[in-house]
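Here are the chains, one letter per residue:
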Amino acid sequence: MNNAQKAIYRKLKTVKERAAYLSQFEIETRVDIVDLDFVHRAYIGDIALPITGTDEAEVLAEAATWIKEKMNPPVDGAERVQTTPLQTIAS
């Protein structure tokens, strides 16, 4: 993320807007140390995300999920439930 992109991010007001903006960038991982243990940490450019773990693929998936959840937060603290469309039953 370059300085112009960071300036755009800083102007965004809501978590939903910021998450939507971040979703357009590639997520990568870097090795970090947490509690003196090596972990993979998710990054967008040089910005560290609060997602860490021991498996790189899991960290990437969790970071993507975290951003998606921030883009579509639950309403009134309710837990978000994945639903599928109802199928039309032909008679």
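Look above for the structure.
From a predicted model like this one, the values you see are computed outputs, not experimental measurements.

## Notes on the overall build of the protein chain
Scanning the protein chain from terminus to terminus reveals three helices and three strands. Split into buried and exposed, the 91 residues of the protein chain put 23% on the buried side. A separation threshold of at least 6 residues defines the contact pool for the protein chain, and within that pool the share at least 24 residues apart is 24%. As presented, the protein chain carries roughly 7200 Å² of accessible surface, and 53% of it is formed by carbon and sulfur atoms.

## Describing the sheet that holds strand β1 (residues 28-34)
Sheet strands associate in pairs through backbone hydrogen bonding, adopting either a parallel or an antiparallel arrangement. If you trace the three strands from one edge of the open sheet to the other, you get β1-β2-β3, paired in antiparallel fashion. With one partner strand each, in any of the chains shown, β1 and β3 (47-53) form the two edges of the open sheet. Averaged over all pairs of adjacent strands, the angle between their axes in this sheet comes to 40 degrees, without regard to strand direction. Across seven bridges, β1 lies against strand β2 (residues 37-44) in antiparallel orientation. Each residue of the ladder has a partner; that of Asp 32, found in β2, is Val 39.

## Examining helix α2 (residues 15-22)
If you check which residues of α2 are buried, you get Ala 19, Tyr 21 and Leu 22. With its buried residues spanning 160 degrees around the axis, α2 presents them on a single face. Its buried side turned inward, α2 meets α1 (3-11), β2 and α3 (56-71).

## Considering the packing of aromatic side chains
Scanning the entire structure with this criterion turns up one aromatic pair. Ring centres 5.3 Å apart and planes at 70 degrees place the aromatic pair Tyr 21 and Phe 25 in the edge-to-face group. Here Tyr 21 matches Phe 25 in class, with each residue buried. Between the NZ or CZ atom of Arg 18 and the centre of the ring of Tyr 9, over which it lies, the distance is 5.5 Å. The residue whose ring lies beneath Arg 30 is Tyr 43, and the NZ or CZ to ring-centre distance is 4.2 Å.

## Considering the side chain of Arg 41
Tracing the sequence through the fold places Arg 41 in strand β2. Polar contacts involving the side chain of Arg 41 include one to the main-chain carbonyl oxygen of Leu 49, which spans 3.2 Å. With residues up to four places along the chain from it excluded, the contact list for Arg 41 reads Glu 28, Thr 29, Arg 30, Asp 32, Val 34, Ala 48, Leu 49, Pro 50, Ile 51, Thr 52 and Val 59.

Here is what the cut-offs are and how they apply
- Residues numbered from 1 in each chain as written.
- Predicted model: local features only at pLDDT ≥ 70, side-chain atom pairs only at ≥ 80, totals over all residues.
- Heavy atoms only, no water.
- Helix = DSSP H or I, 4+ residues; strand = E, 2+ residues; numbered from the N terminus.
- Buried < 20%, exposed > 50% of the residue type's maximum accessible area, 1.4 Å probe, protein only.
- Contact = heavy atoms within 4.5 Å.
- Areas by Shrake-Rupley, 256 points an atom, 1.4 Å probe, with all protein chains shown as cover.
- Pairing = 2+ DSSP bridges.
- Axes fitted to C-alpha atoms, helices over the stretch in contact; angles between N-to-C directions.
- Arc of directions from axis to C-beta.
- Phe/Tyr/Trp six-rings, centres within 6.5 Å; stacked < 30°, edge-to-face > 60°.
- Lys NZ or Arg CZ within 6 Å of the ring centre and 35° of its normal.
- Polar contact = N/O pair within 3.5 Å; in protein donor to acceptor, adjacent residues only side chain to side chain.

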